[in-house]
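Structure at a glance
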Amino acid sequence: SMSAPQRSVLDELSLMWETQHRRMRTVPKSVQVVGEVLASLSIARVLRAAPHPDGSLAAEATRTSGGFELSWPSGPYQVDWGHPHLRIGVLLLNAQDFVAHARPQSSENPSSGAGRDDTPPPLRASARLRARHLTKAGGWRLLLLDANVVLEMQEQSRQSNFQEHSHPDPLE
C-alpha cells in the first residue's frame, strides 16, 4: 500500500516558519475581513476537514480561516484566499484593477438594459490575465470581489452595530 511521504522535523519547521512568515506580512484590511467571513461560514467546518496538499500540519494552520490559505501561490499568481484542495478562491480587486470610466451610459447604449448600473466595469488586462490564468491553467473556481465594496460593507456594519448599542430601546 502506498502511504504519504514522510517529512522530517526540519521540513515541518520550515513549513511552520513559511506559514507564520506569510501571515506576518502586512495584509490589507479588506483581505482580513474576507478571511473572517470565510471562517464564519456555516460550511467552514466541512472546508476545514478537507485534506491539505502540504499535510495535516498545514491544514491545522488554516483552521482560523475556514480551511482557506492567505495568498496561496498558484503558478505566477496568488489567490488572495484559496482553498488548495478544493481549488476555490477569492480574489480581491482594487480600484486600479478596473477600467476607469468604462460603464456604458444607458442613453448611449439602450440595448445594455437601460438604467442598470449593477454590472461591474471591465477588468484591466493584468487583473483579467490573473483571473483567467488561475481559472484556465490552475483549475481554480474564483469569486472576484471589489475590495472597496468589502470595506464599505464593513463600515456600514460597524455603524449599524454602533447605533444599535448607543441608542437603547426605550421599551426595555
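Presented here is a report on the structure given in the accompanying data block. Because the structure is predicted, anything quoted here is derived from the model rather than measured. (Residues numbered from 1 in each chain as written. Predicted model: local features only at pLDDT ≥ 70, side-chain atom pairs only at ≥ 80, totals over all residues. Heavy atoms only, no water.)

**Quick notes on helix α5 (residues 125–136)**
Operational definition: Each helix is a run of H or I in the DSSP string that is no shorter than four residues. Each strand is a run of E no shorter than two, and both are numbered from the N terminus. To estimate how far a helix should reach, multiply one less than its number of residues by 1.5 Å. Using a 1.4 Å probe on the protein chains alone, a residue whose accessible area is under 20% of its type maximum counts as buried, one over 50% counts as exposed, and one in between counts as partly exposed. In this description, one arc is meant: the one made by directions from the helix axis to the C-beta atoms. Whether two residues touch is decided by their heavy atoms; if any such pair falls within 4.5 Å, the residues are in contact.
With twelve residues, α5 should cover 16 Å at 1.5 Å per step; its first-to-last C-alpha distance of 16 Å lies within 8% of that length. Along α5, the residues classified as buried are A127, R130, A131 and L134. Taken down its axis, α5 places every buried residue within 90° of arc, on the same side. Contact partners of the buried residues in α5: β1 (69–74), β2 (77–83), β3 (88–93) and β4 (141–146).

**Digging into the sheet that holds β1**
Working definition: the strands of a sheet are paired by backbone hydrogen bonds and lie parallel or antiparallel to each other. We count it as follows: Should DSSP find at least two bridges between two strands, the strands are taken to pair. Between N-to-C directions, angles span 0 to 180 degrees; the directions come from axes that are lines fitted to C-alpha atoms, helices contributing only their stretch in contact.
In spatial order, the strands read β1-β2-β3-β4; together these four strands make up an open sheet with mixed pairing. The open sheet has two edge strands, β1 and β4, and neither has a second partner. The average undirected angle you get between the axes of adjacent strands in this sheet is 40°. Pairing geometry for β2 and β3, over three bridges, is antiparallel. Looking across to β3, one finds that G82 is bridged to G89. Against the sheet, α5 touches β1, β2, β3 and β4, its axis set at about 55° to β2.

**A closer look at the environment of R87**
Considering the arrangement of structural elements, one finds R87 in the loop between β2 and β3. The spacing of R87 and F68 is 19 residues in sequence and 9.7 Å in space, taken between C-alpha atoms. In this structure, R87 is in contact with S74, G138, G139, W140 and R141, ignoring residues within four places of it in sequence.

**A few points about the pattern of salt bridges**
To keep things clear, this is the line we draw: By definition, a salt bridge exists where a carboxyl oxygen of Asp or Glu is found within 4 Å of a side-chain nitrogen of Lys or Arg.
Scanning the entire structure with this criterion turns up three salt bridges. Across the pair E60 and R63 runs a salt bridge whose closest N-O atoms are separated by 3.5 Å. Measuring nitrogen to oxygen at the nearest pair gives 2.8 Å for the salt bridge that ties E155 to R158. Of this pair, E155 and R158 both sit in helix α6 (residues 147–166), separated by three residues, roughly a single helical turn. For E155, a relative accessible area of 32% gives the class partly exposed.

**Description of unusual backbone geometry**
Even without a glycine there, the phi angle at S71 is positive, about 55°. With respect to the secondary-structure elements, S71 resides in strand β1. Judged by its relative accessible area of 12%, S71 falls in the buried class. With phi around 55°, R87 is a residue other than glycine that occupies positive phi space.

**Focus: the side chain of H83**
Put simply, the rule reads: By the criterion applied in these results, polar contacts are pairs of N or O atoms within 3.5 Å in which, for protein atoms, one can donate a hydrogen and the other can accept it, and in which residues neighboring in sequence qualify only through two side-chain atoms.
The residue H83 is located in strand β2 in this model. Given the relative accessible area of 2%, H83 is considered buried. Engagement of the side chain of H83 in a polar contact is seen with the backbone nitrogen of L86, the distance being 3.2 Å. Residues in contact with H83, not counting those within four places in the same chain, are L47, A50, G66, G67, F68, I88 and W140.

Any functional reading would require information beyond the geometric quantities listed.
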